[in-house]
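Examining the three-dimensional arrangement
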Amino acid sequence: MPRMTEPTIIVEGIKKRFGGVRAVDGVDLEVEPASVFGLLGPNGAGKTTMVRILTTLLSPDEGHARVAGHDVVRDAERLRHEIGLAGQTAAVDENLTGFENLEMVGRLYHLPRAEARKRAGQVLERFSLTDAANRTARTYSGGMRRRLDLGASLVGRPQVLFLDEPTIGLDPRSRLGMWDLIRELVKDGTTLLLTTQYLEEADVLTDRIAVIDLGTVIAAGTADELKTQIGGEVLELRLSDRARVPDAAGAVIGLVPGGAKVDNNTGEITLPVGADGPAILTEAIRRLDSAGVTLSGIALHRPTLDDVFLALTGRETEGLETAAAPAGSRHGRRHGRRGDGDT
Amino acid sequence: MSAPFSSDGLVERARWALHDGTVLTRRNLLRYVRIPTLLVFSTIQPLMFVLLFRYVFSGNIANLPPGAHAYVDYLMPGIFVQAAIFGATQTGIGLAEDLNVGIIDRFRSLPTARSAVLAGRTTADLCRNLIVVISMTVVGYLVGFRFQDGSIKAALAIGLAVLVGFAFSWISATLGLAIKNLESVQAASFVWVFPLTFASSAFVPIEGMPGWLQVFARNNPVTIWANTLRGFTLGPKYLVFINESIGALVLRSGLWIGLILALFVPLSIRLYRRT
């Protein structure tokens with residue numbers, strides 16, 4: 001099909017193995033110009049390996065990738081003028097001031113000294129670091145370092161920006177601040193690819209998402225499409241009296257077409273409720289009350305990466321860190337589901 | 001291989017490599033400005049060695065060669081070489097640090113010359129080594145050491161020592177990039193640096209060593225460098241005594257340095273590309 005513009009990132013059949021481990025196992029992707037693309041997946045899914053290949057840090061074993069019109073292997077040198085990268089660790093020099101860090105990166109992009117200094121000043125201003133400009137990065141808080149690191153990836157005014165888990169390790173407040181900054185960046189027409197473990201983050205920040213697991217893309221679409229795929233919101237009921245679980249399940253099971261997931265060991269009942277959460281919640285309470293079942297917990301929450309994963313792969317995400325914000329009794333659920341096989 | 005020569009000519013590329021190397025040398029030197037204690041500590045150890053060897057060994061070394069009025073005159077050229085080589089181990093440690101904080105990834109994602117990160121590190125370490133050797137000279141003078149053959153020869157001696165350190169910085173860079181783990185790099189450095197510098201003429205004349213060790217020590221480049229430095233510091237009487245000409249010593253010293261650079265510069269840059 002003819003198209004107006006070439007996608008900014010085109011990935012075709014990329015594979016990369018480390019020893020016996022297939023870190024990336026045949027990924028295809030396309031990212032449209034001036035859009036935000038999210039690579040969503042748990043630790044070890046292959047997200048960072050993909051970013052390292054697209055930013056010329058690693059060569060793929062198989063497949064091709066083009067970024068901003070340049071092949072990531074053959075035109076690596078020219079491509080490096082067009083991209084910015086902020087990795088998982090704040091890659092700033094602790095012994096340099098904020099200003100010196102940015103000036104150095106500007107000069108390494110081969111900007112003239114005056115231009116590098118000008119842009120360093122602008123980036124510091126934009127990221128509210130002007131007051132700390134002449135302090136060494138050693139004295140910065142974690143959030144400030146991340147901002148400086150993100151700033152360093154922008155000094156070269158790249159066409160394409162790669163952010164590898166930009167909010168990992170940040171407290172909830174800094175995380176929200178980082179989200180604002182990232183949304184701000186996109187207004188300039190920069191194409192952005194970011195990786196994250198949090199569906200919520202992908203939801204808030206990205207136009208399209210690819211869910212990646214064990215080195216392959218298992219689902220792609222907008223956040224809404226992904227959530228629709230697993231049925232919108234989820235209602236969770238918990239009983240302290242395990243003996244009453246079958247009664248409770250019997251009372252609510254007819255409420256949703258998809259049926260309920262019942263865990264007799266933990267006393268948890270989970271129902272995908274689509275968009276009718278509040279109505280079904282009210283009705284469920286009414287029915288349970290008339291059945292004489294006492295609940296120890298009830299929650300209505302939007303699907304988390306756990307839920308998306310479970311729906312897509314039939315297994316739990318492993319090594320997933322707890323997201324900052326998602327509502328609901330995450331921990332209880334995660335431990336609870338572990339015993340109940342591959343439903 | 002990748003790296004097309006494309007639009008940029010060779011001259012242009014060399015110019016940018018020099019530019020990037022300078023930017024990164026400055027970055028590495030700023031570290032010593034920001035944390036002056038780092039420089040103090042990297043200088044204290046060699047100075048301590050000067051004093052220890054000067055006073056512990058001076059009474060026990062017989063048969064000092066002509067030109068050396070005291071053991072300290074024999075010692076200083078050797079300990080310059082030893083200190084420069086020890087100092088060079090910092091190169092690999094610094095690179096391993098940069099790798100661990102992820103800043104090398106940033107540099108590699110930039111359109112920066114592939115040689116610049118390593119050149120910037122080894123050049124900064126050369127500058128630090130120069131400061132260390134000059135400090136050692138000052139302390140040496142306080143405890144009786146004298147250059148016997150003029151200031152030009154003195155400068156040549158210091159220059160050669162620092163150049164030896166520069167060559168070893170590239171070995172150290174290769175190890176740092178190959179091993180990556182900070183503690184392992186530190187530990188690995190001492191495994192080869194101690195035997196190499198001690199089984200040589202750096203501290204004591206080879207003649208007192210057991211026969212098998214003499215074979216190693218005689219062919220050890222550290223012996224050649226130490227003897228060349230002594231040619232500069234002790235003067236003609238020493239050269240006549242060891243039956244060498246300064247030209248031949250300088251040539252052999254230069255060949256060893258050239259050999260190390262020819263092997264380890266490309267090797268470390270290859271590792272850097274693939275890290």
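All figures in this text were calculated on a predicted structure; none of them were measured in a lab.

Overview of the overall build of chain A
When helices and strands are counted, chain A shows 12 helices and 14 strands. Looking at chain A as a whole, 45% of its 343 residues are labelled buried. Contacts in chain A between residues at least 24 apart in sequence constitute 68% of all its contacts with a sequence separation of at least 6.

Quick notes on the interface of chain B and chain A
Listed as interface residues are 22 residues of chain B and, on the opposing side, 25 residues of chain A. Only helix H1 (10-34) and helix H4 (103-109) of chain B provide two or more residues apiece to the side of chain B that touches chain A. Among the elements that take part in the side of chain B that touches chain A, H1 of chain B stands out by supplying 7 residues, more than any other. Of the residues in the side of chain B that touches chain A, the class split is 11 nonpolar, 4 polar and 7 charged.

Let's talk about helix H10 (residues 277-290) of chain A
Counted at 1.5 Å a residue, the expected span for H10 of chain A with its 14 residues is 20 Å, and the 20 Å between its end C-alpha atoms agrees. Taken from the residues just after H10 of chain A, Gly292 of chain A is the one with a positive phi, measuring 75 degrees.

What about the confidence of the model for chain A?
Residues and elements named next belong to chain A. On average, residues of chain A score 83 in pLDDT, and 87% of them reach the 70 mark or higher. Considering each helix and strand of chain A separately, the mean pLDDT is smallest for helix H12 (residues 330-337), with a value of 34, and largest for helix H3 (residues 98-108), with 97. Every residue in residues 318-343 is under pLDDT 50, and counting partners more than four places away or in other chains gives 45 contacts.

Quick word on the sheet that holds strand E1 (residues 9-18) of chain A
All names here are of chain A. Ordered by their spatial adjacency, 4 strands build an open sheet running E2-E1-E4-E5, and the pairing between neighbours is antiparallel. For this open sheet the edge positions go to strand E2 (21-31) and strand E5 (70-71), each flanked by a neighbour on one side alone. Relative to strand E4 (residues 62-67), E1 runs antiparallel, the two sharing 5 bridges. What sits directly across from Ile9, in E4, is Val67.

Thresholds applied
Per-chain numbering applies: the sequence of each chain, read as written, is numbered from 1 onward. Lettering for chains starts from A, numbering for ligands starts from 1, and both go in the order in which the items are written. Residue-level local features of this predicted model are given only where pLDDT is at least 70; pairs of side-chain atoms are given and counted only at 80 or more, and the full residue set underlies all totals for whole chains, interfaces and linings. Going along the chain from the N terminus, every DSSP run of H or I of four or more residues is numbered as a helix, and every run of E of two or more is numbered as a strand. With C-beta atoms placed from the backbone, the exposure class of a residue follows from how many other C-beta atoms lie within 10 Å of its own: 20 or more, buried; 12 or fewer, exposed; in between, partly exposed. It is the C-beta atoms, placed from the backbone, that decide contacts: two residues are in contact if theirs lie within 7 Å. Each residue gets one label: Ala, Val, Leu, Ile, Met, Phe, Trp, Tyr, Cys and Pro are nonpolar, Asp, Glu, Lys and Arg are charged, and the others, such as Gly, are polar. Expected span of a helix: the number of residues minus one, times 1.5 Å. The predictor's confidence in any single residue is recorded as pLDDT, a number from 0 to 100. Note on pairing: two strands pair once DSSP finds at least 2 bridges between them.

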